[in-house]
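Chains, contacts and geometry: an overview
Chain by chain, the residues:
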Amino acid sequence: MIPEGLIAALRAARHVAVLTGAGVSAESGIPTFRDAQTGLWARYSPEELASPEAFRRNPKLVWEWYAWRRRLVAEAEPNAGHYALARLERLVPRFTLITQNVDGLHRRAGSTDPIELHGSLARARCSAEDTLYDTWDEGDELPPRCPACGAYLRPDVVWFGELLPQAALARAWEAARSCDLFLSVGTSGLVEPAASLPRLAYGKGAAVAVINLDVRPSAEGQLFYLHGKSGELLPLLVGSLEPGAEP
Ligand code: OAD
């Protein structure tokens, strides 16, 4: 199921970079970004809830949507794909994990330093002064207020129309430039830089593998497309590095 050429590239790699998207958390029961919204939230599109305009218009609604997503994530567990990536980090000389997910499941699975391009549900920040908070009171009045200045707190995530965190982005570009294997997993690659990072890596001579449910399987030279679930394919791929795996 895993192309031999990809296994060989993984075994030879000195630096593996991995980009993940919502698909990696799908098997944990977190709906992917482009899946229909469910239940209470079905009548809103993510674009209507995840933007500075939406927060200005209706801060309570936006805060409550994120509070619902935070509860979903708290009830979910990392899946075999998250665990395989945490394991991979310990098996290769250099490893960079870049994620578009805000759910924190990579950290909970044991990944030590994921680059969170879109921020994290686990943090809030002052909407006026950008001070970060790991904890806050969900009191009667929502959103909660910044204890320092009284402005609303907002989730520390990237909204439509906002810039990505520049330091995180710079680290992601550097990893794409310097890796010798780049894995793009569970992302539709529709928003930047998810489309460009694997292209840059490939252009610099790295092997590239794309794993999601949208592709037809193929293996040409150093470019691999694997159709399947990350919770099944990543453990197989990482397993090929384990001591005792068939050469
Ligand atoms: P999408 O919802 O666009 O894409 C999910 C991808 O995961 C698709 O390619 C699916 O085929 C694939 N997929 C689904 N289940 C899978 C599974 N079990 N195993 C492997 N792949 C699976 O999510 P993202 O690409 O993460 O940004 O979306 C990127 C960004 O677009 C989001 O972070 C969001 C949005 O704009 C912001 O909010 C800033």
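1. What to know about the sheet that holds strand S5 (residues 132-133)
What the three strands build is an open sheet, ordered S5-S4-S6; its pairing is antiparallel. Both outer strands of the open sheet, S5 and strand S6 (153-157), are each paired with one neighbouring strand and no more. Sheet analysis places strand S4 (residues 119-126) next to S5, joined by two bridges and oriented antiparallel. Following the sheet pairing, Arg-125 is matched in S5 by Leu-132.

2. A few points about the pattern of salt bridges
In total, this model carries 14 salt bridges according to the counting rule given. Of the charged contacts in the structure, one is a salt bridge between Glu-138 and Arg-70, with a shortest N-O distance of 3.6 Å. With a gap of 68 residues between them, Glu-138 in the loop between S5 and S6 and Arg-70 in helix H5 (residues 59-75) connect regions that are remote in the sequence. The class of Arg-70 is buried, set by a relative accessible area of 16%. Between Arg-145 and Glu-141 there is a salt bridge, with its nearest N and O atoms 3.2 Å apart. A single network of salt bridges, built from pairs that share partners, joins Arg-107, Glu-116, Arg-123, Arg-125, Asp-130 and Asp-156.

3. Notes on the sheet that holds strand S7 (residues 181-185)
Read from one edge to the other, the open sheet built from seven strands follows the order S3-S2-S1-S7-S8-S10-S9, with strand pairing classed as mixed. Whereas interior strands pair on both sides, the edge strands pair on one side only; in this sheet they are strand S3 (115-116) and strand S9 (218-220). Pairing between strand S2 (residues 94-99) and S3: two bridges, direction parallel. Its bridge partner being in S3, Thr-99 is matched across the sheet by Glu-116. Sitting on the sheet, helix H8 (residues 166-178) touches strand S1 (15-20), S2, S3 and S7, and the angle it makes with S2 is about 130°.

4. A word on the side chain of Ser-25
Tracing the backbone shows Ser-25 in helix H2 (residues 23-26). Setting aside anything within four residues of it in sequence, one finds Ser-25 in contact with Ile-30, Asn-79, His-82, Asn-101, Asp-103 and Leu-105.

5. A word on the pairing of S2
For S2, the buried fraction is high: five of the six residues fall into the buried class. Sheet analysis places S1 next to S2, joined by six bridges and oriented parallel. When the bridges of S2 are listed, Val-16 appears paired with Phe-95.

6. Some thoughts on the domain arrangement of the protein
According to the domain assignment, the protein contains domain 1 (1-30 + 78-118 + 164-247) and domain 2 (31-75 + 121-157). Each of domain 1 and domain 2 has a C-alpha centre, and the two are 28 Å apart. The interface of domain 1 with domain 2 comprises 13 residues on the first partner and twelve residues on the second. Regarding the contact of domain 1 and domain 2, the summed buried area is about 920 Å², with carbon and sulfur atoms giving 58% of it. The interface formed by domain 1 and domain 2 holds one salt bridge in total. The salt bridge involving Arg-123 is made with Glu-116; its shortest N-O contact spans 3.5 Å. Applying the counting criterion to the domain 1 and domain 2 interface returns two residue pairs in polar contact (both at pLDDT 80 or more). Among the residues making up the side of domain 1 that touches domain 2, the classes are represented as six nonpolar, four polar and three charged.

Reading the values: rules and limits
Residues numbered from 1 in each chain as written. Predicted model: local features only at pLDDT ≥ 70, side-chain atom pairs only at ≥ 80, totals over all residues. Heavy atoms only, no water. Pairing = 2+ DSSP bridges. Helix = DSSP H or I, 4+ residues; strand = E, 2+ residues; numbered from the N terminus. Salt bridge = Lys/Arg side-chain N within 4 Å of Asp/Glu carboxyl O. Buried < 20%, exposed > 50% of the residue type's maximum accessible area, 1.4 Å probe, protein only. Contact = heavy atoms within 4.5 Å. Axes fitted to C-alpha atoms, helices over the stretch in contact; angles between N-to-C directions. Domains from an automatic or database assignment. Buried area = accessible area lost by both parts, 1.4 Å probe. Polar contact = N/O pair within 3.5 Å; in protein donor to acceptor, adjacent residues only side chain to side chain. Nonpolar A, V, L, I, M, F, W, Y, C, P; charged D, E, K, R; others polar.

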